[in-house]
Amino acid sequence: SAVISQKPSRDICQRGTSLTIQCQVDSQVTMMFWYRQQPGQSLTLIATANQGSEATYESGFVIDKFPISRPNLTFSTLTVSNMSPEDSSIYLCSVAQGSTDTQYFGPGTRLTVL
Amino acid sequence: KQEVTQIPAALSVPEGENLVLNCSFTDSAIYNLQWFRQDPGKGLTSLLLIQSSQREQTSGRLNASLDKSSGRSTLYIAASQPGDSATYLCAVRSPTGGFKTIFGAGTRLFVKA
């Protein structure tokens, strides 16, 4: 199974600033996924990041607000830009691996915007 | 558009009880269905994955079933323990829309000692 780490694990940020979240996987994967989990809610897919191409964003999410980098097959970053209190959420990195495409998740980054 | 529903939203049981968590989905054309556990403020831990061609999967005290024709999956937990207390999420991956994974809202389980 894939082992995924995320940095930072949590942060408290001021309105209008930006935060970059890092995701590191212990093996090479084609696709990495970024999710958001708002308080008391389930997971919502933000975007899918393939190495060597632009990320694909879901409806309601735009690149200017959530720019993503995918420089190699084991690493990705998600930036939350110009933050507002509504961006307070847990942000989760995920990969699908193996013949069954089992999905694995990182421990998440808990973001609080004041 | 695939929609995933989990019932009940919350469940409280005494230790030792067997329980069933339910997941339903609207589009039977699925690639796989995965059950996760999430502890408060934490990431997701994969419990079981059932492929489209399978009917059930077992791991220890957990058994997950899949009935595509009726759009249902169940997670059976035998002899529940306080350590089982967590939120359980059902996730369906569909080939339509680019193999996206759609999550249910989860069932919050509390096992009383």
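Residues numbered from 1 in each chain as written. Chains lettered and ligands numbered in written order. Predicted model: local features only at pLDDT ≥ 70, side-chain atom pairs only at ≥ 80, totals over all residues. Heavy atoms only, no water.

Asker: Mind laying out the nonpolar core, listing which residues take part and the relevant values?
Answerer: Counting residues in hydrophobic clusters, the biggest one holds 25 residues, and the most contacted among them are Val25(A), Ile46(A), Phe66(A), Tyr91(A), Val95(A) and Leu111(A). Mapped by element, the contributors of at least two residues to this core are strand 3 (19-25), strand 4 (31-37), strand 5 (43-50), strand 8 (75-80), strand 9 (89-97) and strand 11 (109-113) of chain A. The element contributing the most residues to this core is strand 3 of chain A, with 4 residues. Residues in contact with Val95(A), not counting those within four places in the same chain, are Ala2(A), Ile4(A), Val25(A), Val29(A), Met31(A), Met32(A), Phe33(A), Thr102(A), Gln103(A) and Tyr104(A). In this structure, Cys23(B), Ala64(B), Leu66(B) and Ala86(B) belong to the second largest nonpolar core, which totals 22 residues. (Core = buried A, V, L, I, M, F, W, Y, C linked by side-chain atoms within 4.5 Å. Buried < 20%, exposed > 50% of the residue type's maximum accessible area, 1.4 Å probe, protein only. Helix = DSSP H or I, 4+ residues; strand = E, 2+ residues; numbered from the N terminus. Contact = heavy atoms within 4.5 Å.)

Asker: Please provide a residue-by-residue account of the packing of aromatic side chains, values included.
Answerer: Under the defined criterion, the tally for this structure stands at 6 aromatic pairs over all chains. Both rings, one in Phe61(A) and one in Phe66(A), keep their centres 5.6 Å apart while their planes meet at 65°; by these two values the pair is edge-to-face. Taken individually, Phe61(A) and Phe66(A) each receive the classification buried, so the pair is uniform in this respect. Their ring planes at 90° and their centres at 5.4 Å tell us that Phe105(A) and Phe36(B) sit as a pair that is edge-to-face. Taken together, the positions of Phe105(A) in strand 10 (residues 102-105) and Phe36(B) in strand 4 (residues 32-38) put the pair across two chains. Each member of the pair, Phe105(A) together with Phe36(B), is buried. (Phe/Tyr/Trp six-rings, centres within 6.5 Å; stacked < 30°, edge-to-face > 60°.)

Asker: Hey, could you go over the pattern of salt bridges for me, with residue numbers and the actual values?
Answerer: Under the definition given, this model contains 5 salt bridges over all chains. Salt-bridge contacts for Lys100(B) lead to Glu58(A); the nearest nitrogen and oxygen are separated by 2.8 Å. Placement of the pair is Lys100(B) in the loop between strand 9 (86-93) and strand 10 (101-103) and Glu58(A) in the loop between strand 6 (56-57) and strand 7 (68-72), with the two residues belonging to separate chains. Given the relative accessible area of 17%, Glu58(A) is considered buried. A salt bridge links Asp84(B) to Arg61(B); its shortest N-O distance comes to 2.8 Å. (Salt bridge = Lys/Arg side-chain N within 4 Å of Asp/Glu carboxyl O.)

Asker: Before we move on, can you summarise the interface of chain B and chain A with the specific residues and values?
Answerer: Opposite the 19 residues of chain B that make contact, chain A presents 20 residues. Buried area between chain B and chain A, summed over both chains or domains, comes out near 1,500 Å², and the portion from carbon and sulfur atoms is 49%. Looking only at chain B, the three residues that lose the most surface to chain A are Leu44(B), Arg93(B) and Phe103(B), adding up to 30% of its buried area. Taken together, the connections running from chain B to chain A amount to 2 salt bridges. If you look at where chain B meets chain A, you find 9 residue pairs in polar contact (both at pLDDT 80 or more). Elements represented by at least two residues in the side of chain B that touches chain A include exactly strand 4, strand 5 (44-51), strand 9 and strand 10 of chain B. (Buried area = accessible area lost by both parts, 1.4 Å probe. Polar contact = N/O pair within 3.5 Å; in protein donor to acceptor, adjacent residues only side chain to side chain.)

Asker: How would you sum up unusual backbone geometry? Please name residues and give values.
Answerer: In terms of backbone geometry, most residues other than glycine have negative phi values and most peptide bonds are trans. Residue and element names in this part refer to chain A. For the peptide bond that leads from Lys-7 to Pro-8, omega is -10°, which places it in the cis range. Relative to the helices and strands, Pro-8 resides in the loop between strand 1 (4-7) and strand 2 (10-13). The residue Asn-82 is not glycine, and still its phi comes out positive at about 45°. Its place among the elements puts Asn-82 in the loop between strand 8 and strand 9. Given the relative accessible area of 55%, Asn-82 is considered exposed. The residue Asp-101 is not glycine, and still its phi comes out positive at about 55°. Residue position: Asp-101 is located in the loop between strand 9 and strand 10.

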